[in-house]
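Descriptive analysis of the structure
So you can see what is in the structure, the chains are spelled out below.
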Amino acid sequence: MGALRKLKSSVAAVYDRRNESVLSSSAVIDRRYRKRRSTRGAALMLSLWALFLLSAMVISWALDIDTRLTLSGHATRSLEAEALACSGAEIALHPAVKAGSVLLHGSFGPGKTFRTRITGEAGRFNLNGFATALIQGDQQRLEVLKKYLELKGVELDERDRMIDCLLDWVDADNVERLNGAEEGPGYKPPNRLLQRIEEVKRIKGWEEFTSKEDWDADFTINTQQSLNKIDPTWASRDVLLSLPGMTEPLVDQFLTLRRGPDGIEGTEDDAVFHSLTEVLTALGYPQPVQNQVAGLIGFNEDPTMRVISEGKSGDVTRIVRMLIRKAGTNSIQLVPGTWKEL
Ligand SMILES: [Ca+2]
Ligand SMILES: [Ca+2]
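My aim in this report is to walk through the structure given alongside it, one point at a time. (Residues numbered from 1 in each chain as written. Chains lettered and ligands numbered in written order. Predicted model: local features only at pLDDT ≥ 70, side-chain atom pairs only at ≥ 80, totals over all residues.)

**Some details on the overall build of the chain**
- Of regular secondary structure, the chain possesses nine helices and eight strands.
- For the chain, the residues scored as buried account for 24% of the 342 residues in total.
- Look at the contacts in the chain between residues 6 or more apart in sequence, and 60% of them connect residues 24 or more apart. (Helix = DSSP H or I, 4+ residues; strand = E, 2+ residues; numbered from the N terminus. Buried ≥ 20, exposed ≤ 12 C-beta atoms within 10 Å, placed from the backbone. Contact = placed C-beta atoms within 7 Å.)

Printed below as a string of structure tokens:
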């Protein structure tokens, strides 16, 4: 029995070894198979990654070309728009061309146009002239300027602050006005008249007002300061509303007359006025009041004109702005330092 048990156990051991050997060889095959699968998987992943990278590069290249084409197209349109704006400005510089002339609008093919406007600079407040008058106690001009700032939405306290700071900026002394500001830390009024309209941005109290677009549309320093009058034939609606005794119906009635039958400002059918009396009457001032406003309102006295020329190419717009002055019947002079490309 003992020998039989031994034989059985030795046979079992042989089976076990065989099984082990079979198992181990199948494990090897399995490992190899897995390894091959993993190698194939890695190769597939690598191919996919390469494809992805290549696609990304092609897309990026295509986008780059598209951007360059867009930029190049924009640059061309920008240059064309600038050239068109300059063409309009050059036409405005001809002595025979008057405000509202049909020559001030034109086109060079589809989508390429220029539109130029000539307006009298005297329709604006000459800030140097107004400041000088206010320093001398001119109540009429003080009320007009305050009314204008009110129409522009400036609060009462802020209006007083803006005006006093403007006067302190310009006046010769270093004595602060009630709401003004003279020299202090980081602030030094030059105590002289404004040399550039942009200087107003540095005056205390004017920061918010001058941060708005076109804040200087109704201001100038380039009309003759000695005249210091507002010409209603060129003034904006807000400037007209600031004049003594003006109401919205009176101003709108005047504007309708000024624009002519087509209702558009700056065209050939605009009303032509011949005298200050005619202008004051059109504004609705009764005869006795006309003398009271004659020192503030002028007509056709200052020859300075503002030219705004807009050139368009496609969706790109460029603007050229300058001031010109009639130097005689047949010549026009560009006011130095006023040519601006916006
Ligand atoms: Ca001062
Ligand atoms: Ca002062």
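**As for the nonpolar core**
- Core analysis: the biggest nonpolar cluster contains 35 residues, and Phe130, Ala131, Leu145, Leu166, Leu240, Leu243 and Leu280 have the highest contact counts within it.
- Those elements giving two or more residues to this core turn out to be helix H2 (127-135), helix H3 (139-151), helix H4 (156-170), helix H6 (237-242), helix H7 (248-259) and helix H8 (276-282).
- The contacts of Leu166, once residues within four sequence positions are left out, are Ala131 and Ile203.
- Of all hydrophobic cores here, the second largest spans 13 residues; its members include Ala81, Ala85, Ile308 and Val320. (Core = buried A, V, L, I, M, F, W, Y, C linked by C-beta atoms within 7 Å.)

**Focus: unusual backbone geometry**
- Residue Asp214 is not a glycine yet carries a positive backbone phi of 60 degrees.
- Summarising the element assignment, Asp214 is placed in the loop between helix H5 (207-210) and strand S4 (219-220).
- Residue classification places Asp214 among the exposed residues on the basis of 6 C-beta atoms within 10 Å.
- In this structure, Asn300 is a non-glycine residue whose phi angle is positive, near 55 degrees.

**With respect to the packing of H3 against H4**
- Two elements in contact, H3 and H4, have axes separated by 10 Å at closest approach and are oriented at 130 degrees. Judged on the interaxial angle alone, H4 and H3 are oblique. The way H3 lies across H4 gives a crossing that is right-handed. Together, Leu145, Lys146, Leu149 and Glu150 of H3 and Arg159, Met162 and Ile163 of H4 make up the contact between the two elements.
- Class assignment for the residues of the contact of H3 with H4 results in four nonpolar, no polar and three charged. (Axes fitted to C-alpha atoms, helices over the stretch in contact; angles between N-to-C directions. Parallel < 35°, antiparallel > 145°, perpendicular 65-115°, else oblique. Left-handed = near helix turned anticlockwise from the far one by under 90°. Nonpolar A, V, L, I, M, F, W, Y, C, P; charged D, E, K, R; others polar.)

**Brief notes about the pairing of strand S2 (residues 112-120)**
- The pairing of strand S1 (residues 105-107) with S2 spans three bridges and is classified as antiparallel. Bridging across to S2, His105 finds its partner in Arg115.
- Between the antiparallel neighbours S1 and S2 lie four residues, among them Gly109 with a positive phi of about 90 degrees.
- Across nine bridges, the pairing between S2 and strand S5 (residues 304-313) is antiparallel. Residue pairing for S5: Ile118 is matched across the bridge by Val307. (Pairing = 2+ DSSP bridges.)

**Remarks on H7**
- Taking 1.5 Å per residue, 12 residues should reach 16 Å; H7 reaches 16 Å between its end C-alpha atoms and fits that length.
- Phi turns positive one or two residues past the end of H7, at Gly260, with a value near 80 degrees. (Expected span 1.5 Å × (residues − 1).)

**Concerning the packing of H2 against H3**
- Two elements in contact, H2 and H3, have axes whose closest approach is 8 Å; the angle formed by their N-to-C orientations is 130 degrees. Taken together, the axes of H2 and H3 are oblique relative to one another. Two packed elements cross with a definite hand, and for H2 against H3 that hand is left-handed. Residues Phe130, Ala133 and Leu134 of H2 pack against Arg141, Leu142 and Leu145 of H3.
- Its residues assigned to classes, the contact of H2 with H3 shows five nonpolar, no polar and one charged.

**Brief notes about the environment of Ile332**
- Its location among the elements puts Ile332 in strand S7 (residues 332-334).
- Expressed as a C-alpha distance, the spacing of Ile332 and Ala92, which sit 240 residues apart in the sequence, is 9.5 Å.
- Among all residues touching Ile332, those that are not within four sequence positions of it are Leu93, Pro95, Ile324, Lys326 and Ala327.

**Section: H3**
- Along its 13 residues, H3 runs 18 Å from first to last C-alpha, staying within 8% of the 18 Å computed at 1.5 Å per residue.
- For H3, the set of buried residues is Arg141, Val144, Leu145 and Tyr148. End-on, the buried residues of H3 take up no more than an arc of 95 degrees, which puts them together on one face.
- Of the surrounding elements, those touching the buried residues of H3 are strand S3 (125-126), H2, H4 and H6.
- Positive backbone phi, approximately 85 degrees, marks Gly153, located one or two places after H3. (Arc of directions from axis to C-beta.)

**Some points on the pairing of S5**
- Burial within S5 is extensive, with 10 of its 10 residues counted as buried.
- Of the two faces of S5, the one carrying Thr304, Arg306, Ile308, Glu310 and Lys312 and the one carrying Met305, Val307, Ser309, Gly311 and Ser313 are both buried.
- Bridge count between S5 and strand S6 (residues 316-326): 10 bridges; the pairing is antiparallel. Its bridge partner being in S6, Ser313 is matched across the sheet by Val316.
- Linking S5 back to S6 in an antiparallel pair, the connection comprises two residues, with Gly314 at a positive phi of about 60 degrees.

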